[in-house]
Amino acid sequence: MFILGFRIGEDNQVKIILFSEISLDGKLTVGNCSSKELLESMSEKEIELIQQHRNKYDAILVGSETIKIDNPNLTCRLEHGVSPIRVILSSGLNFSFNENVFIDENRTVLVTSSNDEEKLKKITELNKEVLLVSATDLKDMRKIVCLLEDKLGIKSLIVEGGGSTNWSFAKYNLFDEIHLLQFPVLVGGKNTTSLVDGEGFQKIDLCVNYQFMKVEQYGTNLYLTFTKK
Ligand SMILES: NC(=O)c1ccc[n+]([C@@H]2O[C@H](COP(=O)([O-])OP(=O)(O)OC[C@H]3O[C@@H](n4cnc5c(N)ncnc54)[C@H](OP(=O)(O)O)[C@@H]3O)[C@@H](O)[C@H]2O)c1
């Protein structure tokens, strides 16, 4: 189906996984800062697991806050590995443009509703790409996924948060699989970013159900995978 020039999601052929590193209580960070402190306990094996996933998927998607706060590379650093296309959601494009995703050679695509000429020109000068959508469409991940498939040929996507971005996919039941590296630490804090934030479901029968697939132990941490029911 096409709405306003977009197909609307149910028929997308894109495999979408959520991949996150979380605390026991499902927090993505310690306090409202970068996730780096939480990730410090990761072993080489876990870092390699993340890299192997990035090598397998066509694209990796995050929200603008993750770019501003964590300044990640979102690349695959395995020898002979292929980095996924980096897709970033941002309505305002309020970046410094010194973030890693703007300055290395790898492909970055901004999905935005901004018509700020200066910022759009800056992105083009940095050899990065823009997919311009309406403000309404930017909120509908069913449409954005179809757009990524149609315009960029993306058939598989890793969503790596943060909590607002993860909710935008969860609310339309778009995750085929959920992959979690869970660290045995309680973080707490009602304002600390969680795996899925946003407005949340208000009724149990609206909640998305997943089926447990497997658990692996990496030192003191667990690697849990779930699939859509
Ligand atoms: N532990 C982990 O695995 C992990 C992974 C990733 C991030 N994190 C942490 O998560 C935190 C950031 O999470 P967050 O929830 O605040 O932000 P986020 O999801 O990274 O980014 C949200 C921002 O993206 C933009 N956006 C545009 N369209 C959107 C849409 N449809 N849905 C959602 N966002 C959209 C909005 O900003 P504008 O439109 O104004 O640009 C929005 O404020 C950071 O502290 C980071 O360290 C942890």
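Just above sits the structure.
I will try to describe carefully the structure that is included in this document. (Residues numbered from 1 in each chain as written. Predicted model: local features only at pLDDT ≥ 70, side-chain atom pairs only at ≥ 80, totals over all residues. Heavy atoms only, no water.)

**Digging into the nonpolar core**
Point 1. Counting residues in each nonpolar core, the largest one holds 33 residues, and the members touching the most others are Ile 16, Val 111, Leu 148, Leu 157 and Phe 169.
Point 2. Broken down by secondary-structure element, the contributors of at least two residues to this core are strand 3 (15-23), strand 4 (59-63), strand 5 (85-89), strand 6 (108-112), helix 7 (141-152), strand 8 (156-159), helix 8 (163-170) and strand 9 (177-183).
Point 3. Looking at this core element by element, the count peaks at six residues for helix 7.
Point 4. With 25 residues, the next largest nonpolar core counts Phe 19, Met 42, Phe 183 and Tyr 218 among its residues. (Core = buried A, V, L, I, M, F, W, Y, C linked by side-chain atoms within 4.5 Å. Buried < 20%, exposed > 50% of the residue type's maximum accessible area, 1.4 Å probe, protein only. Helix = DSSP H or I, 4+ residues; strand = E, 2+ residues; numbered from the N terminus.)

**Here we look at the environment of Ser 113**
Point 1. Relative to the helices and strands, Ser 113 resides in the loop between strand 6 and helix 5 (117-125).
Point 2. Placed 58 residues apart in sequence, Ser 113 and Lys 171 show a C-alpha to C-alpha distance of 21 Å.

**Focus on the side chain of Arg 142**
Point 1. For Arg 142, the position within the fold is in helix 7.
Point 2. Residue Arg 142 is classed as buried on the basis of its relative accessible area, which comes to 19%.
Point 3. A distance of 2.9 Å separates a polar atom in the side chain of Arg 142 from a polar atom in the side chain of Asp 140. (Polar contact = N/O pair within 3.5 Å; in protein donor to acceptor, adjacent residues only side chain to side chain.)

**Considerations on the packing of aromatic side chains**
Point 1. Counting across every chain of the model gives eight aromatic pairs.
Point 2. Each ring, one from Trp 167 and one from Phe 201, has its centre 4.9 Å from the other, and the planes form 65°; the classification is edge-to-face. With a gap of 34 residues between them, Trp 167 in helix 8 and Phe 201 in the loop between strand 9 and strand 10 (210-218) connect regions that are remote in the sequence.
Point 3. Trp 167 gets classed as buried once you look at its relative accessible area, which sits at 7%.
Point 4. Judged by its relative accessible area of 29%, Phe 201 is partly exposed.
Point 5. Among the aromatic side chains, those forming a connected cluster through ring pairs are Phe 19, Tyr 218 and Tyr 223.
Point 6. Note that Lys 45 overlies the ring of Tyr 218, its terminal NZ or CZ placed 5.1 Å from the centroid. (Phe/Tyr/Trp six-rings, centres within 6.5 Å; stacked < 30°, edge-to-face > 60°. Lys NZ or Arg CZ within 6 Å of the ring centre and 35° of its normal.)

**So, unusual backbone geometry**
Apart from glycine, the bulk of residues carry a negative phi angle, and the bulk of peptide bonds sit in the trans form.
Point 1. Cis rather than trans, the peptide bond between Gly 161 and Gly 162 has omega equal to 0°.
Point 2. Along the polypeptide, Gly 162 turns up in the loop between strand 8 and helix 8.
Point 3. Positive phi values are uncommon outside glycine, yet Leu 74 reaches one of about 55°.
Point 4. Among the structural elements, Leu 74 can be located in the loop between helix 3 (64-70) and strand 5.
Point 5. Judged by relative accessible area, which is 3%, Leu 74 ranks as buried.

**Remarks on the site of the ligand**
Point 1. Taken together, 28 residues surround the ligand, and among them Thr 66, Asp 70, Ser 91, Thr 165 and Ser 168 come closest.
Point 2. Separating an oxygen atom of the ligand from a backbone N or O atom of Cys 33 is a distance of 3.0 Å.
Point 3. One of the backbone nitrogen or oxygen atoms of Leu 138 is found 2.8 Å away from a nitrogen atom of the ligand.
Point 4. Compared with its free state, where it exposes 920 Å², the ligand has 85% of that area covered by protein.
Point 5. Looking at the shell around the ligand, the elements with two or more residues in it are strand 3, helix 3 and helix 8.
Point 6. If you tally residues by element for the shell around the ligand, the top one is helix 3, at five residues.
Point 7. When the residues that make up the shell around the ligand are grouped by side-chain class, the tally is six nonpolar, 17 polar and five charged. (Near = heavy atom within 4 Å. Areas by Shrake-Rupley, 256 points an atom, 1.4 Å probe, with all protein chains shown as cover. Nonpolar A, V, L, I, M, F, W, Y, C, P; charged D, E, K, R; others polar.)

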